[in-house]
Amino acid sequence: MKQPMLDRSTWLEDIRRPLAVKTQPIYRPYLGGDLLRRFRGQPSDGNDHWTDEWFGSDITAGGPDPEGRPQGLTTVRGASGLEATLTQLIESFPVEMLGEAALERQGARLGFLAKLIALGQEAPVHAHPDTEFARQHLGLDHGQAETWIPLETRTPDDQPLTAGVGFVPGAGRTDVEAAIERRSGEMLRELL
């Protein structure tokens, strides 16, 4: 969804300086978030579903927050005090925000999202599409590459935090389908 273009004279000076990122927690289906609030100096209220903070995103989250509002687009504030989403800035000032090489490679998009994450449980196994899959099967013009910054390196039961990225050698489609049919997170994790 295209956002309104920004006035060039208002923003050109602001984007030459660091932009303040607005704190925007993201509502997710898994538990966590307490560590994120404490990291921000807010009261500790225990874990809930506000587990992530996307601080570098021009991608909307897959679902709205509990009040139906879209989530995920990072909002920044310039030195002038004006606010805009990264999407608005990139669409309005693609060369200044990304540079010629990135524009040639990926178009006027970040191409990834960066987030702080504070899990209070094991994260569900999930996958993000690359751009080719997203275009072919989902009707989107982008995939979703992410970088996570976890605020803890131990799990709630004091185990080292790990992440499975990709599949173990020899894992195939039938293995994944079998794990999904059995609704077995354990089987899926063994394939990562």
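Since the structure is predicted, the reported quantities are computational estimates derived from the model, not experimental observations.

Rules behind the numbers
Residues numbered from 1 in each chain as written. Predicted model: local features only at pLDDT ≥ 70, side-chain atom pairs only at ≥ 80, totals over all residues. Heavy atoms only, no water. Buried < 20%, exposed > 50% of the residue type's maximum accessible area, 1.4 Å probe, protein only. Helix = DSSP H or I, 4+ residues; strand = E, 2+ residues; numbered from the N terminus. Pairing = 2+ DSSP bridges. Phe/Tyr/Trp six-rings, centres within 6.5 Å; stacked < 30°, edge-to-face > 60°. Core = buried A, V, L, I, M, F, W, Y, C linked by side-chain atoms within 4.5 Å. Contact = heavy atoms within 4.5 Å. Salt bridge = Lys/Arg side-chain N within 4 Å of Asp/Glu carboxyl O. Axes fitted to C-alpha atoms, helices over the stretch in contact; angles between N-to-C directions.

**Student:** Let's hear about the pairing of strand E6 (residues 113-117): which residues, and what values?
**Tutor:** Within E6, five of the five residues are buried, leaving the element largely enclosed by the surrounding structure. Side chains of E6 alternate between two faces, with Leu113, Lys115 and Ile117 and Ala114 and Leu116 buried alike. Here four bridges tie strand E3 (residues 48-56) to E6, and the two strands are oriented antiparallel to one another. Residue pairing for E6: tryptophan 54 is matched across the bridge by lysine 115. Pairing between E6 and strand E7 (residues 146-150): five bridges, direction parallel.

**Student:** Can you break down the packing of aromatic side chains residue by residue, with the values?
**Tutor:** Remark: the centre distance and the inter-plane angle together describe each pair of aromatic rings, the angle taken between the planes. Per the counting criterion, the structure on display carries one aromatic pair. Aromatic pair tyrosine 27 and tryptophan 50: ring centres 5.2 Å apart, planes at 70°, arrangement edge-to-face. Highlighted residues: tyrosine 27 in strand E2 (residues 25-32) and tryptophan 50 in strand E3, separated in sequence by 23 residues. On the accessibility criterion, tyrosine 27 (28% relative accessible area) is partly exposed.

**Student:** Give a description of the nonpolar core that names residues and reports values.
**Tutor:** In this structure, Leu6, Trp11, Ile15, Leu89, Phe93 and Leu98 are the most contacted members of the largest nonpolar core, which totals 14 residues. Taken together, the elements giving at least two residues each to this core come down to helix H3 (86-92) and helix H5 (100-106). In contact with leucine 98, not counting residues within four places along its chain, are Ile90, Leu103, Gly107, Ala108, Arg109 and Leu110. Counting five residues, the second-largest nonpolar core is a separate cluster that includes Ile26, Trp54, Ala61 and Leu113.

**Student:** Tell me about the pattern of salt bridges, and please be specific about residues and values.
**Tutor:** Applying the stated criterion across every chain, the model contains twelve salt bridges. Of the charged contacts, one joins aspartate 34 and arginine 38 as a salt bridge, the two residues approaching to 3.2 Å between their closest N and O atoms. Taken together, the positions of aspartate 34 and arginine 38, both in helix H2 (residues 34-39) and four residues apart, correspond to about one turn of that helix. Relative accessible area serves as the criterion here: at 44%, arginine 38 is assigned to the partly exposed category. Between glutamate 83 and arginine 77 there is a salt bridge, with its nearest N and O atoms 3.9 Å apart. Judged by relative accessible area, glutamate 83 falls into the partly exposed class, the value being 41%. In the salt-bridge network here, residues are joined through shared partners; they are Glu13, Arg16 and Arg17.

**Student:** Break down the environment of glycine 62 for me, citing the residues and quoting the values.
**Tutor:** Along the polypeptide, glycine 62 turns up in the loop between E3 and strand E4 (75-77). Separated by 34 residues in sequence, glycine 62 and arginine 28 have C-alpha atoms that sit 9.4 Å apart.

**Student:** Let's hear about the sheet that holds E6: which residues, and what values?
**Tutor:** With mixed pairing, the four strands of this open sheet are ordered in space as E2-E3-E6-E7. Two strands close off the open sheet at either side, each with one partner strand: E2 and E7. Averaged over all pairs of adjacent strands, the angle between strand axes in this sheet comes to 35°, irrespective of strand direction. Note: E2 against E3, four bridges, orientation antiparallel. Bridge pairing in E3 places glycine 32 opposite aspartate 48.

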